[in-house]
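Here's the letter readout for the chains.
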Amino acid sequence: MIDWTRVAKPQPDGYDTQVIGEALHTRTGWVKTAPASALTLVKGTVAVARDPFNYSGDVMLDAFDDVLSSELEEADRRLAAWPDGYASLAGFLDEFWPKRMPEGFGRGSCSGHQMVPSWTEAFRRTAVYVTVTDPQGCAEGVYHEVGHLRLEALGMNIDDHDGTLITNPIEELYVSPVRKDCKRPMCAVIQALYSWLILTEGDLWCASRISREEARPYLTQNLPKIEEGIGEVERHVRTTPDGAVFIASMMDWARDIVTRGTALLTETNDAARTVSI
């Protein structure tokens, strides 16, 4: 029997990664692939490879031929700031496809992932593509896209779901905390919230272990989205028995992130005022 209280958030003992990996194997036949490339992330467990599908070719440029080892090292250092998240990447992510934005791109990242529903017999690997210009933005993008993949492995895609965790009909639409141009199905709202939780947890660890000042603008931007997502999911989600436990634990994690993030921003603001005085 699955302990759904320990699946949403990466666990010190890797229980979440085991459950999610087994679910993905059952759905698709997936098994973790050992890197065959010279370049890797996450202590040699994730291949740095060329995007075989040229995703977002008009927006992001493929950076495989010119990605710098220093860019990968700085992104990897920020991924590693969160030990449990880093271990979950090692057990679940197969490939990283480096991208680059056109000149002038600043803080943050653009990213995407090879969606589980689109997998074929020829390509059954968990893969994300993220711009590498900003190291913390790149780490955010990796965690963000892996968050999407983790839910897809559990049967909750962005535009549909299989009823494992929630029962909201796809035709019912709600306000997404991220995408504001249209309302989305509840599965998309949960996907948005969950992917923001996993990247913001990474930001909090980066603030603790690398740089508060570097993490501060990300937290300032992302915490209100998380708060909005919490409210929308709590008001409208309808769950299965397993989903009720999973969603409750996800909401506990979300509220904890908001509490810790708000406290960190307050401390940083107070410190900045003290220095200015």
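Here the structure is shown first, and the text comes after it.
Residues numbered from 1 in each chain as written. Predicted model: local features only at pLDDT ≥ 70, side-chain atom pairs only at ≥ 80, totals over all residues. Heavy atoms only, no water.

Q: I tried to follow the pairing of strand β6 (residues 127–131) on my own but got confused; where do I start?
A: Along a regular strand, successive side chains alternate from one face of the sheet to the other. Burial analysis of β6 places 5 of its 5 residues in the buried class, which makes it a mostly covered element. Two strands pair when backbone bridges link them, and strand β4 (residues 95–100) and β6 are joined in this way by 5 bridges, in the parallel orientation. Bridge pairing in β6 places W97 opposite Y129. Note that strand β5 (residues 111–113) and β6 share 3 bridges and pair antiparallel. Following the sheet pairing, S111 is matched in β6 by V130. (Buried < 20%, exposed > 50% of the residue type's maximum accessible area, 1.4 Å probe, protein only. Helix = DSSP H or I, 4+ residues; strand = E, 2+ residues; numbered from the N terminus. Pairing = 2+ DSSP bridges.)

Q: Is there a simple way to think about the side chain of R150 in this case?
A: By secondary structure assignment, the location of R150 is in helix α4 (residues 135–153). The exposure class of R150 is buried, given its relative accessible area of 2%. A distance of 3.2 Å separates a polar atom in the side chain of R150 from the backbone oxygen of A8. A polar contact is formed between the side chain of R150 and the side chain of Y194, at a distance of 2.9 Å. Each residue touching R150, except ones within four places of it in the same chain, is listed here: V7, A8, K9, P10, D16, T17, I20, S88, F92, Y194 and I198. (Polar contact = N/O pair within 3.5 Å; in protein donor to acceptor, adjacent residues only side chain to side chain. Contact = heavy atoms within 4.5 Å.)

Q: Even after reading the chapter, I still don't get the environment of G229, so can you show me in this structure?
A: Examined against the element boundaries, G229 turns out to sit in helix α6 (residues 212–236). For the pair G229 and Y194, spaced 35 residues apart in sequence, the C-alpha separation works out to 9.0 Å. Those residues within four positions of G229 in sequence are excluded, and the remaining contacts are P177 and L193.

Q: Honestly, the nonpolar core in this entry has me stumped. Any pointers?
A: Soluble, globular proteins show a tendency: their nonpolar side chains are buried together. Within the largest apolar cluster, 69 residues are counted, with the highest numbers of intra-cluster contacts made by F96, I190, I226, F246 and M250. Among the elements that make up this core, the one with the highest residue count is helix α5 (residues 186–209) (12 residues). Each residue touching F96, except ones within four places of it in the same chain, is listed here: L41, V46, A47, V48, A49, L72, V128, V130, V132, C138 and V142. (Core = buried A, V, L, I, M, F, W, Y, C linked by side-chain atoms within 4.5 Å.)

Q: Just checking my understanding: could you explain the packing of aromatic side chains for this structure?
A: Remark: the centre distance and the inter-plane angle together describe each pair of aromatic rings, the angle taken between the planes. All told, the structure shown has 13 aromatic pairs when counted by the stated rule. Measuring from ring centre to ring centre gives 6.3 Å for W97 and Y129, while their planes differ by 10°; the resulting arrangement is stacked. Pair noted here: W97 is in strand β4 and Y129 is in strand β6, with a separation of 32 residues, a long-range link. Residue classification places W97 among the buried residues on the basis of a relative accessible area of 0%. Here the aromatic rings of Y194 and F246 are separated by 6.4 Å at their centres, their planes lie at 40°, and the arrangement is tilted. On the criterion of sequence distance, the pair formed by Y194 in helix α5 and F246 in helix α7 (residues 241–276) is long-range, its members being 52 residues apart. Looking at Y194, the relative accessible area reads 1%, which means it is buried. Exposure remark for F246: the relative accessible area of 0% places this residue in the buried category. Three or more aromatic residues link up through ring pairs in this structure, and these residues are W4, W82, Y143, Y194, F246 and W253. For the cation-ring pair, K99 lies above Y129, with the distance from its terminal atom to the ring centre recorded as 5.6 Å. (Phe/Tyr/Trp six-rings, centres within 6.5 Å; stacked < 30°, edge-to-face > 60°. Lys NZ or Arg CZ within 6 Å of the ring centre and 35° of its normal.)

Q: Honestly, the packing of helix α1 (residues 15–28) against α4 in this entry has me stumped. Any pointers?
A: To characterise two packed helices, one gives the angle between the axes of the helices and the distance between these axes. Two elements in contact, α1 and α4, have axes separated by 8 Å at closest approach and are oriented at 60°. Between α1 and α4, the angle falls in the class oblique. In the crossing of α1 with α4, the sense of the turn from one axis to the other is left-handed. Here D16, T17, I20, A23, L24 and R27 of α1 lie close against α4, whose contacting residues are R150, E152 and A153. In the contact of α1 with α4, the residues fall into 4 nonpolar, 1 polar and 4 charged. (Axes fitted to C-alpha atoms, helices over the stretch in contact; angles between N-to-C directions. Parallel < 35°, antiparallel > 145°, perpendicular 65-115°, else oblique. Left-handed = near helix turned anticlockwise from the far one by under 90°. Nonpolar A, V, L, I, M, F, W, Y, C, P; charged D, E, K, R; others polar.)

Q: Is there a simple way to think about the state of the cysteines in this case?
A: Under the counting rule described, the total for this entry stands at 0 disulfides. No disulfide involves C110; its nearest neighbouring cysteine sulfur is the one of C138, lying 12 Å away. Free of any disulfide, C182 has its nearest neighbouring cysteine sulfur in C187, separated by 12 Å. (Disulfide = S-S within 2.5 Å.)

Q: Is there a simple way to explain the environment of Q18 in this structure?
A: If you trace the backbone, Q18 turns up in helix α1. Exposure remark for Q18: the relative accessible area of 46% places this residue in the partly exposed category. In this structure, the C-alpha to C-alpha distance between Q18 and F92, residues 74 residues apart in sequence, is 8.7 Å.

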